[in-house]
Amino acid sequence: MTELTVTTRAELAGRSALDQVIGAWLADLDDTTADTRLTYGRLAGRFARWHAAAGGGPVTGSGVRAWLASVGGSPSTRNLHLAALRSFCRWALRSGHLDADPTEGVRGARLKGAKLHKRDAFTPAEVGRMLELCQLDPRPVGARDGAVLALMAFMALRTVEIQRADVGDVGTHAGRRVLYIRGKGAEDAPVPGVVPDPCWRYVERWLELRPGAADAGPLVTTLAGPAGPGGGRLSRRTIRAII
């Protein structure tokens, strides 16, 4: 079963562990709009109250389904609740508060007569094909986009984590090549993430073609063109557009 980590600090503060973890998650949602954070926080808080009333304990897939059934409303409303909880659970899994994602395999409500605008997740074959196309592109844009895709595919980095990474964050830790991943604020110490060899091949190729100083500046940069010499930090919007 999937168990939330209960900290002594949370218990002493008089708040449930789930409430405290939700608070940390919201503070880390800095690549979303303020309205999205407000909505997700409200819906996740609703789940926390339902979970407590149901007796607390492990957060399971069946529990998630039971909560969604209790939400009622339109399919869109239930899907929004699921999206909020799924965002939280994925963050909690990545942060070590969960040992598995209880929303994995939970399907959203079917939207009858509606056109779905969100694309399905990429299959491994599709990811491999995109990386291959980037590798075959001799231009710097191909190397850069390949590095971005590889960091997402092999290290599961978020847009904001890629956007904040600097060249100086690439190093070694315990004898392994790592990228020090920056948290939500300057006060957070970067956490080393192992860069697998397949991922490094794409990052290394980009570093060879990347504009700007070889040992300083953003890891993923703008390219030289009419707008300037390149070397500036790439925006999150541009990183999202790559995929």
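Keep in mind the model is a prediction, meaning the values are calculated, not measured.

(A) Up close: the overall build of the chain. When helices and strands are tallied, the chain shows 10 helices and three strands. Among the 243 residues that make up the chain, the fraction classed as buried is 35%. At a minimum sequence separation of 6, the contacts of the chain that also span at least 24 residues come to 54%. Per element, the accessible surface of the chain, about 13,800 Å² overall, is 55% carbon and sulfur.

(B) Examining the sheet that holds strand β3 (residues 191-194) more closely. Across the sheet, three strands lie side by side as β1-β2-β3; this open sheet has antiparallel pairing. Looking at which strands have only one partner, the edges of the open sheet turn out to be β1 (170-173) and β3. Averaged over all pairs of adjacent strands, the angle between their axes in this sheet comes to 50 degrees, without regard to strand direction. Here four bridges tie strand β2 (residues 176-181) to β3, and the two strands are oriented antiparallel to one another. Within β3, the residue paired with Ile181 across the bridge is Val191.

(C) A look at the pairing of β1. With four bridges connecting them, β1 and β2 associate as antiparallel partners. Residue pairing in the sheet places His173 in a bridge with Arg176 of β2. Here β1 folds back onto β2 in antiparallel fashion, the turn holding two residues, of which Ala174 has a positive phi close to 55 degrees.

Scoring rules and cut-offs
All residue numbers refer to position in the chain's written sequence, counted from 1. For this predicted model, a pLDDT threshold of at least 70 governs which residues receive local features, and a threshold of 80 or more governs which side-chain atom pairs are given and counted, while totals over whole chains, interfaces and linings are taken from all residues. Excluding hydrogens and water, the side-chain values take into account all heavy atoms of the structure. Strands are runs of DSSP state E lasting at least 2 residues, helices are runs of H or I lasting at least 4, and numbering of each runs from the N terminus. Buried residues are those whose accessible area, probed at 1.4 Å on protein chains only, stays under 20% of the maximum for their type, while exposed residues exceed 50% and partly exposed ones sit between those limits. Contacts are residue-level and defined by heavy atoms, with any inter-residue pair within 4.5 Å sufficient. All accessible-area figures derive from a Shrake-Rupley calculation using a 1.4 Å probe, and residue coverage is judged against the displayed protein chains alone. Only when DSSP finds a minimum of two bridges between them are two strands counted as paired. Where helices are involved, their axes are fitted lines through C-alpha atoms of the stretch in contact, as for all axes, and angles between N-to-C directions lie from 0 to 180°.

Function cannot be read off these values alone, since they describe shape.
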